[in-house]
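Notes for the structure review
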Amino acid sequence: MKTRIIILLLTIAAFSSCEKTGINNNSILVHVIYNNAALPYADIYLDVDSIGSPLDQRKADAKGEAYFDELAPGRYYLKAEGNVADNKPARGTAIVDIGRTGGLDHSDITIYTE
């Protein structure tokens, strides 16, 4: 009887330690570009629709990149806003579908701003 309980507990522990794929394990690496060059320190907004308040916001680094992780599978709308010479605004958008195959998904997305 004790042996069966030990085997049962070991089996449960083994299965509970497996990585869950497709559930909040998805990520997006965003590259923001203006005039064929990186747009550093742009604000990047992530949302599940094209209107309303964003789910998350990141500031691009000096290379014009930002990373969103722990995302559920689905369609995401990205918007980038930054400033270029003479404080001129630069804006761009992109749409990405991630994690729809049921596995871990990492997407590299480039947002071209104007």
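As a further point, take the confidence of the model for the protein chain. Put simply, the protein chain has an average pLDDT of 83, and 76% of its residues get 70 or more. Confidence over residues 15–22 falls short of pLDDT 50; this stretch has 10 contacts with residues more than four positions distant or in other chains.

Take the packing of aromatic side chains next. For the coordinates displayed, the defined rule picks out 0 aromatic pairs. Cation over ring: Lys79 sits above Tyr45, and NZ or CZ is 5.4 Å from the ring centre.

What follows deals with the pairing of strand S6 (residues 74–83). As judged from the 5 bridges shared by strand S3 (residues 43–47) and S6, these two strands associate in the antiparallel manner. Each bridged residue has a counterpart across the sheet, and for Tyr45 the counterpart in S6 is Lys79. In this sheet, strand S7 (residues 89–98) lies alongside S6 in antiparallel orientation, the contact comprising 10 bridges. Bridge assignment links Gly82 to a residue of S7, and that residue is Ala90.

Ile28, Val30, Ile44 and Leu78 are the most contacted members of the largest nonpolar core, which has 21 residues in total. Elements with a minimum of two residues in this core: strand S1 (26–34), S3, strand S5 (65–71), S6, S7 and strand S8 (106–113). It is S7 that contributes the most residues to this core, 4 residues altogether. In this structure Ile28 touches Leu46, Ala66, Tyr67, Phe68, Leu71, Tyr76, Leu78, Val96, Ile98, Ser107 and Ile109, once residues within four positions along its chain are discounted.

Glancing now at the pairing of S1. Most of S1 sits inside the fold, with 7 of its 9 residues counted as buried. In the sheet, S1 pairs with S5 via 5 bridges, with the strands oriented antiparallel. In the sheet register, His31 faces S5, and the bridge partner there is Glu65. When S1 meets S8, the two strands line up parallel, connected through 8 bridges. Looking at the pairing, Ser27 lines up with His106 of S8. Here S1 pairs with strand S2 (residues 37–38) via 2 bridges, running antiparallel. Counted as the bridge partner of Tyr34 is Ala37 from S2.

Relative to the assigned elements, Asp47 resides in strand S3. Excluding anything up to four places from it in sequence, Asp47 contacts Gly52, Ser53, Pro54, Leu55, Arg75, Tyr76 and Tyr77.

For the rest of this paragraph, the subject is the pattern of salt bridges. A full pass over the atoms with the stated rule returns 6 salt bridges. Measuring nitrogen to oxygen at the nearest pair gives 3.8 Å for the salt bridge that ties Arg91 to Glu81. In this pair, Arg91 is assigned in strand S7 and Glu81 in strand S6, connecting sequence segments 10 residues apart. Within this structure, Lys79, Glu81 and Arg91 form a network of salt bridges that share partners.

Reading the values: the criteria
Residues numbered from 1 in each chain as written. Predicted model: local features only at pLDDT ≥ 70, side-chain atom pairs only at ≥ 80, totals over all residues. Heavy atoms only, no water. pLDDT = per-residue confidence, 0-100. Contact = heavy atoms within 4.5 Å. Phe/Tyr/Trp six-rings, centres within 6.5 Å; stacked < 30°, edge-to-face > 60°. Lys NZ or Arg CZ within 6 Å of the ring centre and 35° of its normal. Pairing = 2+ DSSP bridges. Helix = DSSP H or I, 4+ residues; strand = E, 2+ residues; numbered from the N terminus. Core = buried A, V, L, I, M, F, W, Y, C linked by side-chain atoms within 4.5 Å. Buried < 20%, exposed > 50% of the residue type's maximum accessible area, 1.4 Å probe, protein only. Salt bridge = Lys/Arg side-chain N within 4 Å of Asp/Glu carboxyl O.

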